[in-house]
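Residues per chain are reported as follows:
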Amino acid sequence: MSQSFVSLQNVRKVYRTRNEEFEAIQSVSMEINAGELVCLVGPSGCGKSTLLKILAGLHPHEGGEVRIGSLEEPFDPSRDVGMVFQQPLLLKWRRILENVLLPAEILGLPMKASRERARGLLAMVGLSGFEENYPYELSGGMQQRAAIARALVHDPKLILMDEPFGALDALTREKMNLELLRIWRESQKTIVFVTHGIQEAVFLGTHVAVMTAGPARMADYFDVDLPEDRDLDIKTHENFGEYTRRIYKLLDMD
């Protein structure tokens, strides 16, 4: 049996102030194989974003074990993680191509090769011809596509996405879901995607992790048995409805 790419075992996270402790994550365990798209779903404040920060190496954890990569392929969070946030966070004074190149500049990667890769990624996300535009000249959805290209430019092993489509209108959000699936298939990256949307989690994920209200526990972690090549019609599939009802029950929303 091959070793998983990401392994979390009974992970716990406590925030401490001068006068008190706050347990954000009580116990989370899951295994993620390379190339999977795992969606984390749960109520606001349940620790989903905290878990992403632990995976990114930005927060320590107090208990349990976090392993990413292997002895043969060690994992360096500063080099091997790409982040996409709810807001695109593009630098308004830099053109789109220059925004995408920012991680390569920070990491000191060869700029000629990085520039070629950035142009290729912009083409992949449907932004060919917009390389020299400024962020304000692009729609919200287009800016998020640029942010996804930026997260991929340094060829990371793990992409972490923290509600990246939460600020978009419903129609644009559905279009971006389809775009993300296409980009994921083409890039073959491992993605952990945080969302409040139950249907979005089922639509996107090869697996779904359901987290309870804080202190967070893993209520369920299951495979999504739907075709990887999905379109919006998949939402009428019987299995799709079963998965969404399963999550609603776990979150006491049925």
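As the structure is a prediction and not an experimental result, all values here were calculated from the model.

**Student:** I'm lost on the nonpolar core in this one. Help?
**Tutor:** Within soluble globular proteins, side chains that are nonpolar tend to cluster in buried spots. Ranked by internal contacts, the top residues of the largest apolar core, which has 50 residues, are Phe193 and Ile247. Take this core: its biggest share by element is seven residues, from helix H6 (residues 140–152). When neighbours within four sequence positions are excluded, phenylalanine 193 is seen to be in contact with Leu37, Val38, Cys39, Leu40, Met161, Pro164, Phe165, Leu180, Glu200 and Leu204. One finds Val11, Leu40, Ile54 and Ala216 within the second-largest nonpolar core, a separate group that totals 29 residues.

**Student:** Can you help me understand the sheet that holds strand S3 (residues 37–41) in this one?
**Tutor:** Note on sheets: strands pair through backbone hydrogen bonds, and any given pair is parallel or antiparallel. Sheet architecture is open: nine strands sit in the order S4-S1-S2-S9-S8-S3-S7-S6-S5, paired in mixed fashion. Two strands lie at the open edges of the sheet, namely strand S4 (63–68) and strand S5 (81–84), each paired on one side alone. Recorded for the sheet is a direction-independent mean angle of 20° between the axes of neighbouring strands. Here strand S1 (residues 6–16) runs beside S4; their pairing, made up of five bridges, is antiparallel. Note on S4: the bridge partner recorded for serine 7 is arginine 67. In this fold helix H7 (residues 170–187) packs onto S3, strand S6 (158–162) and strand S7 (190–195), with an angle of close to 165° to the strand it touches most, S7. Contacting S3, strand S8 (207–211) and strand S9 (216–223), helix H9 (residues 238–250) runs over the sheet at an angle of about 165° to S9.

**Student:** Is there a simple way to think about the pattern of salt bridges in this case?
**Tutor:** Charged atoms that come close allow side chains of opposite charge to pair. Using the criterion set out here, one finds 15 salt bridges in the structure. Residues aspartate 155 and lysine 189 are paired through a salt bridge, measuring 2.5 Å at the closest nitrogen-oxygen approach. Separated by 34 residues along the polypeptide, aspartate 155 in the loop between H6 and S6 and lysine 189 in the loop between H7 and S7 bring together distant segments of the chain. A residue is classified by how much of its surface remains accessible, and aspartate 155, at 40% relative accessible area, is partly exposed. Note that glutamate 179 is salt-bridged to arginine 182, the shortest N-O span being 2.7 Å. Remark: arginine 182 and glutamate 179 occur in helix H7; sequence separation between them is three residues, near one turn of the helix. One connected set of salt bridges, linked through shared partners, spans Lys13, Arg16, Glu21 and Glu62.

**Student:** Looking at this structure, I do not really get the packing of aromatic side chains. What am I missing?
**Tutor:** By convention here, two paired aromatic rings are described through the distance between centres and the angle between planes. Enumeration according to the criterion identifies four aromatic pairs in this entry. Their ring planes at 75° and their centres at 6.1 Å tell us that phenylalanine 5 and phenylalanine 75 sit as a pair that is edge-to-face. Here phenylalanine 5 is found in the segment before S1, whereas its partner phenylalanine 75 is found in the loop between S4 and helix H2 (77–80), with 70 residues between them in sequence. Per residue, the accessibility class of phenylalanine 5 equals that of phenylalanine 75, and both read buried. Considering the side-chain rings of tyrosine 134 and tyrosine 136, the 6.3 Å spacing of their centres and the 10° angle between planes classify their relative orientation as stacked. You can call tyrosine 134 partly exposed: its relative accessible area is 24%. Of the residues examined, tyrosine 136 reaches a relative accessible area of 64% and is grouped as exposed. Over the ring of phenylalanine 222 we find arginine 246; its NZ or CZ atom is 4.2 Å from the centre of that ring.

Rules used in this analysis
Residues numbered from 1 in each chain as written. Predicted model: local features only at pLDDT ≥ 70, side-chain atom pairs only at ≥ 80, totals over all residues. Heavy atoms only, no water. Core = buried A, V, L, I, M, F, W, Y, C linked by side-chain atoms within 4.5 Å. Buried < 20%, exposed > 50% of the residue type's maximum accessible area, 1.4 Å probe, protein only. Helix = DSSP H or I, 4+ residues; strand = E, 2+ residues; numbered from the N terminus. Contact = heavy atoms within 4.5 Å. Pairing = 2+ DSSP bridges. Axes fitted to C-alpha atoms, helices over the stretch in contact; angles between N-to-C directions. Salt bridge = Lys/Arg side-chain N within 4 Å of Asp/Glu carboxyl O. Phe/Tyr/Trp six-rings, centres within 6.5 Å; stacked < 30°, edge-to-face > 60°. Lys NZ or Arg CZ within 6 Å of the ring centre and 35° of its normal.

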